[in-house]
Amino acid sequence: MAAAALALCGAIIWMLCGRTALALEPLLARPTAAQLRWQELEIGALIHFNMATYAPGGTRPGAQCSPDPDTFNPAQLDTDQWVRAFEAFGCREAVLVVKHNCGFVTWPTNATQADGTRYNYSVAYSKWRGGKGDVVGDFAASCLKRGLGIGYYYSLGHRPGKP
């Protein structure tokens, strides 16, 4: 019964389109080469390491990020250790959250705000490494050293009342 219904559908399509049902196959969605490469990576890691790591309440709903950049002080940061752990797990790619909704930026940005003032909620305004720290740079160097794929997540979201 199902085969007869399928044959009937094919005949109707052929009559309406002037071609066989098989000719419609190229119209089906196919993954791009980039999508296939990404799928072949199989396992990846997402690192959400920023101000919320040091803020009271962490990333729980309703938790507040510290308005003081000096709260961020990863004195023992070892991104090489991160990458070794990812490799041990079988990861081929790692994505780092470089800015999330609280607005803290984990590299020393020179960005300015809409009013022309320098964006001052980043590692450049923290005491960590004398304001010269760069989580993004350290992460990238560690990934490149070990051949791990690199990705970045940058949230356009911004909590009201935050820098």
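Heads up: these notes are all about the structure in this document. If you're wondering where the values come from, they're calculated on a predicted model, not measured in any experiment.

## Looking at the sheet that holds strand S1 (residues 44–47)
Think of a sheet as strands paired side by side through backbone hydrogen bonds, with each pair either parallel or antiparallel.
Move 1: Strand order in the open sheet formed by 3 strands is S1-S2-S3, and the pairing between neighbours is parallel. What marks the edges here is a single partner per strand, and that holds for S1 and strand S3 (149–154). Within the sheet, the average angular offset between the axes of one strand and its neighbour, ignoring direction, is 20°.
Move 2: Here strand S2 (residues 93–99) runs beside S3; their pairing, made up of 6 bridges, is parallel. Residue Ala-94 lies in a different strand from S3, and its bridge partner there is Ile-150.

## Some thoughts on unusual backbone geometry
Move 1: Even without being glycine, Glu-42 reaches a positive phi, approximately 65°.
Move 2: Locating Glu-42 in the fold gives a position in the loop between helix H2 (33–41) and S1.
Move 3: Look at Arg-129: it is not a glycine, yet its phi comes out positive at around 55°.
Move 4: Inspection of the secondary structure assignment puts Arg-129 in the loop between S2 and helix H5 (135–146).
Move 5: What makes Arg-129 partly exposed here is its relative accessible area of 43%.

## A few points about the nonpolar core
Move 1: Of all hydrophobic cores here, the largest spans 25 residues; its most connected members are Ile-47, Phe-72, Trp-82, Phe-86, Leu-96 and Val-135.
Move 2: Looking at this core, the elements that each hand over two or more residues are S1, helix H4 (79–89), S2 and H5.
Move 3: At 4 residues, H5 tops the list of elements feeding residues into this core.
Move 4: Contacts of Ile-47, omitting those with residues within four sequence positions, involve Trp-82, Phe-86, Ala-94, Val-95, Leu-96, Val-97 and Phe-139.

## Some words on the pattern of salt bridges
Move 1: By the definition in use, this model includes 4 salt bridges.
Move 2: A salt bridge links Lys-145 to Asp-80; its shortest N-O distance comes to 2.9 Å. Taken as a pair, Lys-145 in helix H5 and Asp-80 in helix H4 lie far apart in primary sequence, 65 residues in all.
Move 3: Judged by its relative accessible area of 57%, Lys-145 is exposed.
Move 4: Residue classification places Asp-80 among the partly exposed residues on the basis of a relative accessible area of 24%.
Move 5: A salt bridge links Arg-129 to Asp-138, with the shortest nitrogen-to-oxygen separation between them at 2.6 Å.

Conventions and cut-offs
Residues numbered from 1 in each chain as written. Predicted model: local features only at pLDDT ≥ 70, side-chain atom pairs only at ≥ 80, totals over all residues. Heavy atoms only, no water. Pairing = 2+ DSSP bridges. Helix = DSSP H or I, 4+ residues; strand = E, 2+ residues; numbered from the N terminus. Axes fitted to C-alpha atoms, helices over the stretch in contact; angles between N-to-C directions. Buried < 20%, exposed > 50% of the residue type's maximum accessible area, 1.4 Å probe, protein only. Core = buried A, V, L, I, M, F, W, Y, C linked by side-chain atoms within 4.5 Å. Contact = heavy atoms within 4.5 Å. Salt bridge = Lys/Arg side-chain N within 4 Å of Asp/Glu carboxyl O.

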